[in-house]
Amino acid sequence: MASFADAARFLLLTAVGIAGNPSTADAASASPVSGWRSDLDWAALTSKLSSSASLIDTSLDDYTDECMPEFSEPSPTTHALIDQPSGMCLPHLLLGWEMSWPRPSENHHMDQPYVQAYFDLFGLDPTADFESWMSDPTNPSLNLPSKVLFPTVASDVVAAVNFAKDNGLEISVKNSGHSYQGASSKKNTLLLNMNRYTHYAPTGITDCDASILGSTVTEDLSNQPCLLSLAKNKSSLIRVGGGENFDKVYRAVIAANEEEGYKYHLVGGYAGTVSPMGWSWQGGLGGSTGGRLYGFGVDQVVQLEMVLPNGVHVKFGPTDWEDASAEGFTVPRTKVVSGVCRSNPDEHDEENWVWQSCPEDFDIDFNDMWFAVRGGGGGTWGVVTSVYLQLHDYLPFKSYLFNNPPFRTEKCTAIFPQFAEFVAHYMSAPSLLNVTKERSHACGSPDPRAGIYCHGEEDVMQAWTRFLDLNNSTDPANVACLFSSDKLASHYNLPAPPGYAEFMISFSKNDLFPGKVLDGSPPSKIGAPVAGVLVPQSWLDEGEENRKTLQENGTPYYYAFGGAAASGSDQANSLSQAHRNAAFMAYFSDDYFWGNLFPKMFDISDKTKFPPVFGSNHAGFLTAGPLKEDWTKPCPREWTFEERREKCISFQEAIYGTERLARLEAIKKAVDPQFIFNCVNCVGNNLPEASKSEDDEPSPAEAEPLLGNSSDETSGASFVSSFVAAISATAVYLLIHIM
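Computed from a predicted model, the values in this text were never measured in an experiment.

Asker: It is not clear to me how the overall build of the chain should be interpreted in this structure. Could you clarify?
Answerer: When helices and strands are tallied, the chain shows 30 helices and 19 strands. The burial tally for the chain puts 60% of its 739 residues in the buried class. In the chain, of all internal contacts separated by at least 6 residues, the share reaching a separation of at least 24 is 74%. Accessible surface, the chain as shown: approximately 27800 Å² in total, 50% of it carbon and sulfur.

Asker: Looking at this model, I keep getting lost on the side chain of S650. Mind explaining?
Answerer: For S650, the position within the fold is in the loop between α26 (641-647) and α27 (651-656). Not counting chain neighbours up to four residues away, the residues in contact with S650 comprise G625, L661 and N686.

Asker: Could you clarify how one ought to interpret unusual backbone geometry in this entry?
Answerer: Backbone geometry follows two general trends: most residues other than glycine have a negative phi, and most peptide bonds adopt the trans configuration. In the segment running from P405 into P406, the intervening peptide bond is cis, with an omega of 5°. Residue placement: P406 occurs in the loop between β13 (397-402) and α14 (410-414). The phi angle at H108 is positive, at roughly 60°, despite the residue not being glycine. Position of H108 among the secondary structure elements: in the loop between α4 (79-82) and α5 (114-121). The exposure class assigned to H108 is partly exposed, which follows from its relative accessible area of 21%.

Asker: Hey, could you run me through helix α7 (residues 154-167) in this one?
Answerer: It helps to recall that an α-helix has 3.6 residues per turn; residues three or four apart then point in one direction. Taking 1.5 Å per residue, 14 residues should reach 20 Å; α7 reaches 20 Å between its end C-alpha atoms and fits that length. Taking burial as the measure, the 14 residues of α7 include 10 buried ones, the bulk of the element. Taken together, the buried positions of α7 are A154, S155, D156, V157, V158, A159, A160, V161, F163 and A164. One or two residues past the end of α7 sits G168, with phi positive at roughly 65°.

Asker: So what exactly am I meant to see when it comes to the state of the cysteines here?
Answerer: Working definition: the covalent bond between the sulfur atoms of two cysteines is a disulfide. Counted according to the given criterion, the structure contains seven disulfides. Here C208 is linked by a disulfide to C226, with a sulfur-sulfur distance of 2.1 Å. On the S-S bond that ties C208 to C226, the torsion sits near -80°, and the link is left-handed. Within this pair, whereas C208 is found in the loop between β5 (205-207) and α8 (210-213), its partner C226 is found in helix α9 (residues 224-231), the two being separated by 18 residues in sequence. With relative accessibility at 8%, the residue C226 sits in the buried group. One disulfide bridge connects C341 with C358, the sulfur atoms lying 2.0 Å from each other. Looking down the S-S bond of the C341 and C358 bridge, the torsion is 95°, so its handedness is right-handed. You can see C341 sitting in strand β10 (residues 333-342) and its partner C358 sitting in the loop between β11 (355-356) and α13 (366-373), a full 17 residues away along the chain. When its relative accessible area of 3% is taken as the criterion, C341 is described as buried.

Asker: What am I meant to see in the packing of helix α10 (residues 246-260) against helix α20 (residues 500-507) here?
Answerer: The relative placement of two packed helices is expressed as an angle between their axes plus a distance between the axes. Two numbers describe how α10 lies on α20: the axes approach to 9 Å, and their chain directions differ by 110°. Taken together, α10 and α20 sit at an angle that is classed as roughly perpendicular. Between α10 and α20, the residues in contact are Y250, R251 and I254 and Y500, A501, E502 and I505, respectively. Class assignment of the residues belonging to the contact of α10 with α20 gives a composition of five nonpolar, no polar and two charged.

Asker: Mind showing me how you'd approach the layout of surface pockets here?
Answerer: One water molecule sets the probe size; rolling that probe over the atoms shows where empty space is left. Its volume calculated, the second largest pocket comes out at about 930 Å³. Contributing to the lining of the second largest pocket are 44 residues, with M99, M110, R645, N681 and N685 lying nearest its centre. Sorting the residues of the lining of the second largest pocket by element identifies α26, α27, α28 (658-671) and α29 (688-695) as the ones contributing at least two each. Classifying every residue of the lining of the second largest pocket by side-chain character gives 16 nonpolar, 16 polar and 12 charged.

Asker: Looking at this model, I keep getting lost on empty space enclosed by the protein. Mind explaining?
Answerer: Within the structure shown, the criterion is met by six cavities of 30 Å³ or more. Lining the largest cavity we find 21 residues, and of these V530, F588, D590, F614 and A624 sit closest to its centre. It is helix α25 (residues 590-601) that contributes the most residues to the lining of the largest cavity, three residues altogether. Here the second largest cavity is characterised by a volume of approximately 190 Å³. For the lining of the second largest cavity, the element with the highest residue contribution is α10, accounting for four residues.

Asker: Where do I start with the pairing of strand β12 (residues 383-393) in this structure?
Answerer: Residues in a regular strand point their side chains to alternate faces of the sheet. Most of β12 is tucked away: nine of the 11 residues are buried. When strand β6 (residues 236-241) meets β12, the two strands line up antiparallel, connected through six bridges. Residue G241 lies in a different strand from β12, and its bridge partner there is S386. Looking at chain direction, strand β7 (residues 264-265) and β12 are connected through two bridges and run antiparallel. Its bridge partner lying in β12, H265 is registered against H392.

Asker: Whenever I open this one, the packing of aromatic side chains confuses me. Can you help?
Answerer: Evaluation of the coordinates by the stated rule reveals 48 aromatic pairs. Aromatic pair F397 and Y453: ring centres 6.5 Å apart, planes at 25°, arrangement stacked. In this pair, F397 is assigned in strand β13 and Y453 in strand β15 (residues 451-455), connecting sequence segments 56 residues apart. According to the relative accessible area criterion, F397 is buried, its value standing at 8%. Taking the centre distance of 5.7 Å and the plane angle of 85° together, the rings of F419 and W464 count as edge-to-face. Here F419 is found in helix α15 (residues 416-428), whereas its partner W464 is found in helix α17 (residues 460-470), with 45 residues between them in sequence. Of the residues examined, F419 reaches a relative accessible area of 0% and is grouped as buried. Taken together, the ring pairs connect F246, Y250, Y270, W279, F397, Y453, Y492, Y500, F503 and F507 into an aromatic cluster. Just above the ring of Y200 sits the side chain of R239; from NZ or CZ to the centre is 3.6 Å. Lying across the ring of F407, K487 places its NZ or CZ 4.5 Å from the centre.

Cut-off values and rules
- For every chain, the first residue of its written sequence is number 1, and the numbers climb from 1 along that sequence.
- Only residues with pLDDT of at least 70 get local features here, since the model is predicted, and only at 80 or more are side-chain atom pairs given and counted; chain-wide, interface and lining totals rely on the full set of residues.
- Note: side-chain values were computed over all heavy atoms of the structure, leaving out hydrogens and water.
- Secondary structure elements follow DSSP: runs of H or I of four or more residues count as helices, runs of E of two or more count as strands, with numbering from the N terminus.
- Accessibility here uses a 1.4 Å probe with only protein chains present; expressed as a share of the type maximum, an area under 20% marks a residue as buried, one over 50% as exposed, and anything in between as partly exposed.
- Residue contacts are counted whenever heavy atoms from the two residues lie within 4.5 Å of one another.
- All accessibility values rest on the Shrake-Rupley procedure with a 1.4 Å probe; residue burial counts only the protein chains present in the view.
- For a helix, the expected span equals 1.5 Å multiplied by the number of residues minus one.
- Note on disulfides: each one is a pair of cysteine sulfur atoms within 2.5 Å.
- The convention used is that axes are lines fitted to C-alpha atoms, helices contributing only their stretch in contact, and that angles between N-to-C directions extend from 0 to 180 degrees.
- Working rule for angles: under 35 degrees goes down as roughly parallel, over 145 as roughly antiparallel, 65 to 115 as roughly perpendicular, anything else as oblique.
- Residue polarity is assigned by list, with Asp, Glu, Lys and Arg as charged and Ala, Val, Leu, Ile, Met, Phe, Trp, Tyr, Cys and Pro as nonpolar; anything else, Gly included, falls into the polar class.
- Only protein atoms enter the 1 Å grid used here. Points where a 1.4 Å probe fits but cannot escape make up a cavity, open sets with protein on both sides within 12 Å along at least five of seven lines make up a pocket, and a residue lines them when an atom lies within 4 Å of a point.
- Grid points are joined across faces, edges and corners, and a volume is the space filled by probe spheres set on the points.
- For two strands to count as paired, DSSP must find a minimum of two bridges between them.
- Any two rings among Phe, Tyr and Trp, with Trp reduced to its six-membered ring, count as a pair given centres within 6.5 Å; such a pair is stacked if its planes are under 30 degrees apart, edge-to-face if over 60, and tilted if neither.
- By definition here, charges over rings are those cases where NZ of Lys or CZ of Arg is within 6 Å of the ring centre and within 35 degrees of the ring normal.

Structure follows, in structure tokens:
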């Protein structure tokens, strides 16, 4: 079987040839039909919604007309997708089909082999008819919802969840849809698109005053966020709504800093179009925003407000904690988590909300919820309506870019491998460059090609010069390949950016969305298909030989680990220990990793406990662990997905490990026994109970197809040429990241 590298190289050589042979299949011709599950009393739901909420029917036409054109734009951005009227757009086009694979399948691709997906998606099967598949509203692999609700207040969410519970529906939840695993879209669900939900961030910053807080948590938990913040030696917080992405939150912090003098710092995502409501629950990698100084996204959460699968609106957070500095932790250990329930859930006006002790028959354990939500993934525990996030003291910012315009040269291009090695040393072995751990932890990087981002005191330029000297490459032209954001700003006669978000606004522009923090990478037809390995720092520290092995066989790409990423945990979250112990994430080929590196990197002495291996934030839709019966052998690509599910370590177990996943699944069953929230590859999604709920979908008479519009036929040539562009992009991605 061809390797991923062979496939990628083949794609790059043959993409033009494929484009020269477009399919001639006509788009499906039918009149649009709305009214998914018309047997239900949707009027009863709308009668309970606020005046600003809206419930709409959607179709494949909406996805085709509103979403697809952006992927052909010269400078596409998810900002153009987020606010489309249907609320269905996704940052990777093929996420609109199950497994990002449009080939028709009646049983979620379970009877189809992995290798067929591999050949289809990577352009190796010339018979793959993407034009026909993607224009067919009756394609059973289509994975788009037929009804979308735009809630604006918590009572809208309460009404939707209760309606779903009473009528046996599933709910999917989306902000920007930035889920590599495909958790943000699902057919035969009521989609809650949170983008129009109340925005709290613009006025959501709180400066905590110990003199007026008291020393005990009030019954309604109103002072709990500040008391916990002060216990962490922090004094500021920001409340973020369930529909706000990081662009909105970053700009709220910028506005406050500009008004009050720079005093606040937020740990957030690399892309402005990523939401704290997904990013944080997967872990939250702060490679560009000081995560190695202040911890992962899960570590920034001080209080949660949610609507649970039982329809109850709650808020909860730690109410008892203890110092853990003696064990090396920089934040208190959470001992007890308490919560309250809203006693007037139908009230739309937040000023009139009443928070009280939960009723006696409320059997949800808030300690479990605090553990599960923070690290156990989004979309499966209920709907987060707002969250209080920790703010930190502002530190001076500087970024460093390698061989970027306007200073790009061929000479610098040639030494990029050395720069990638330098970044690995600076982040995970700073002593080799005479850099202290403290100055190393001040910096991070989502990818060496994207730059190095530092907050506070660092030694990047001095260390780069030292690295070149050690490698007998001190040509001034080589030194100049790395330059600071200050130099870039000076070149364009701009002020030096005071923070990461300001840097992105200044130098990563889109004229259609001025002043916004843009995507880390633009929308694409297909996202990353696999997951990155959490390479243990302890394995790297065993010797230089391991570093050489990594350089020769892997691709390190995300430096958001070490420092406070290890020590900033409250020890009551579900983020795997592999995240805490990692030096960085890296891609490897399956064959090489499982057979050679996995037994050396991870403890596999207990064959009943598979260890956590993969990072969850960027785990792609084809992620799987090794054979259950032999962990040193990859899951065979020639097997069907049904065989792989039965005989290989699951997506979820490879991320959380056996023990942690077992606890999460137990919580899932207790919190959501009906599996109302059953998102793709989420915790519990592969359990028999969840599969049963999927199999109980409405009959064809009840579940109308997402019919297309005969007046909007798609050109075969344009469809195929667009998809070939996606194939080429995928090939480049694979060559860079996986081989």
